[in-house]
Amino acid sequence: MDRVPILKLEDYLLVSIQVDMHDQLALTLQDDLTQKIVATRARAVLIDISALEMVDSFMGRMLGNIAAMSRILDAQTVVVGMRPAVAITLVELGLSLPGIRTALSVDAGLALLREAMARPDEPADGE
Amino acid sequence: MNRPASRLPAIVEQHQKEILAEWLSSQVQSGAWRAGRLQEAQLQDESQRFLALLSQAIQQGIEFDTRSAQWAEVREFLIELSRSRAAQGFTPSQVATFVFSLKQALFKHVTESLKNNPAEIAGALWDATLVLDALGLYTTEVYQQAREQLIARQQEELIELSTPVVQLWEGVLALPLIGTLDSERTQVVMESLLERLVATGSSIAVIDITGVPTVDTLVAQHLLKTVAAAQLMGADCIISGIRPQIAQTIVHLGIDLTSVATKASLADAFALALKRRGLAVGRAGTIGG
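Residues numbered from 1 in each chain as written. Chains lettered and ligands numbered in written order. Predicted model: local features only at pLDDT ≥ 70, side-chain atom pairs only at ≥ 80, totals over all residues.

A. The arrangement of the packing of helix α2 (residues 16-30) of chain B against helix α6 (residues 102-113) of chain B in detail. Residues and elements named next belong to chain B. The contact between α2 and α6 brings their axes to 8 Å, and the two run at 140 degrees. Taken together, the axes of α2 and α6 are oblique relative to one another. With respect to the hand of their crossing, α2 and α6 are arranged in right-handed fashion. Mapping the contact onto sequence places Glu18, Ile19, Glu22, Trp23 and Ser26 in α2 and Leu102, Gln104, Ala105, Leu106, Lys108 and His109 in α6. Broken down by class, the residue content of the contact of α2 with α6 amounts to five nonpolar, three polar and three charged. (Axes fitted to C-alpha atoms, helices over the stretch in contact; angles between N-to-C directions. Helix = DSSP H or I, 4+ residues; strand = E, 2+ residues; numbered from the N terminus. Parallel < 35°, antiparallel > 145°, perpendicular 65-115°, else oblique. Left-handed = near helix turned anticlockwise from the far one by under 90°. Contact = placed C-beta atoms within 7 Å. Nonpolar A, V, L, I, M, F, W, Y, C, P; charged D, E, K, R; others polar.)

Printed below as a string of structure tokens:
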């Protein structure tokens, strides 16, 4: 069965979704990621979805869940590289993903996470 | 239709001059041609050409399908007529009346020529009616087609022209909106803004609505959707150019814009954008040196 690889880099966990997500894969990712956060004591998670062309309401909720779970485990989450078509679809579905930080690119996402980790007192959902 | 050949073509050819004279006088009397800036000489010329072409076409047999090759010349004439009359300010029904008004003169001559043969009168009149009706309707069709082409072209131009996304500074985009926002335009605006955000790697977009005449709940919803989509991609939006009336309308309608930064002018929005990017504008000499 295919899995989404989770890479550890310093204090961060990098998740790059390169294949089209189906529901089971999303559930597996949620499972793997929470375990990995606990095992590595990572402080931040960066999810790259630039290869994701299609998204449905389940996927949208899953991203929200992953962010909420990470927060409980004291890790900040940032979603980077969302395509315009995906963003439009999510808005049309009425999912504005409150509580998720987003950034245009991996670079911008890392900068955002560094800034957030430098000021740990700030609430995780920023805005 | 299984009946003897119609007498209509022969009658039209024989009496072409008289029919033309009577048709012209009835047109001049009715005064309909004065609606535009048409000269009497031009009316005469057009009437003569139309009747000659019509006569020529029906000599080849009565054919009611105006799309057939037989009617090609008449069609061309009518297209030209319809265009020139439209330019002169005639309405479509006035253009069609030009064709329909031929009936009176034509029917009179058909009835006179065939008065000894009532059975043939009915047949010839029926043919004349069908032919002239088809041609009259054709002028309307052409008129409408020309209009529709014009509208479609303008609509396309409007959509393309009015959604430019400009870069104000490194990492700051501006989207000056002009004209009413409907669903279709919002879609185009949203797509082009998001595409440019990715292409330029900008993290702030200023949406300027100075040129949007009215903001109702639907327009506000479209705006908020665009802002939400940009936020999902990791970019912040600032809405600027909110006129006093529009600010009042927004509050009266109960639209919630608290999730977006709003500024009265584009200049204020730009200043805020620079501040968020950690930049400042000052007099030369006071900064960096």
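B. Here's a closer look at the nonpolar core. With 70 residues, the main nonpolar core has Val45(A), Ala87(A), Ala205(B), Ala229(B), Ala230(B) and Met233(B) as its most contacted residues. Per element, the largest residue contribution to this core is eight residues, and it comes from helix α9 (residues 217-232) of chain B. By size, the runner-up hydrophobic cluster in this structure holds 31 residues, among which are Phe50(B), Phe90(B), Val110(B) and Val131(B). (Core = buried A, V, L, I, M, F, W, Y, C linked by C-beta atoms within 7 Å. Buried ≥ 20, exposed ≤ 12 C-beta atoms within 10 Å, placed from the backbone.)

C. Looking closely at the environment of Leu78(B). Residue and element names in this part refer to chain B. Mapped onto the elements of the fold, leucine 78 is located in helix α4 (residues 72-87). With 60 residues separating them along the chain, leucine 78 and tyrosine 138 place their C-alpha atoms 7.9 Å apart. Residues within four places of leucine 78 in sequence aside, it is in contact with Leu135, Tyr138, Thr139 and Val142.

D. Just the sheet that holds strand β2 (residues 12-16) of chain A, in detail. Residue and element names in this part refer to chain A. In space, the five strands of this open sheet follow the order β1-β2-β3-β4-β5, with mixed pairing throughout. The open sheet has two edge strands with one neighbour each: β1 (6-9) and β5 (101-103). Mean inter-strand twist for the sheet, computed between neighbouring axes without regard to direction, equals 25 degrees. Where strand β3 (residues 44-48) and strand β4 (residues 76-80) come together, five bridges link them in parallel fashion. The residue of β4 that forms the bridge with aspartate 48 is valine 80. (Pairing = 2+ DSSP bridges.)

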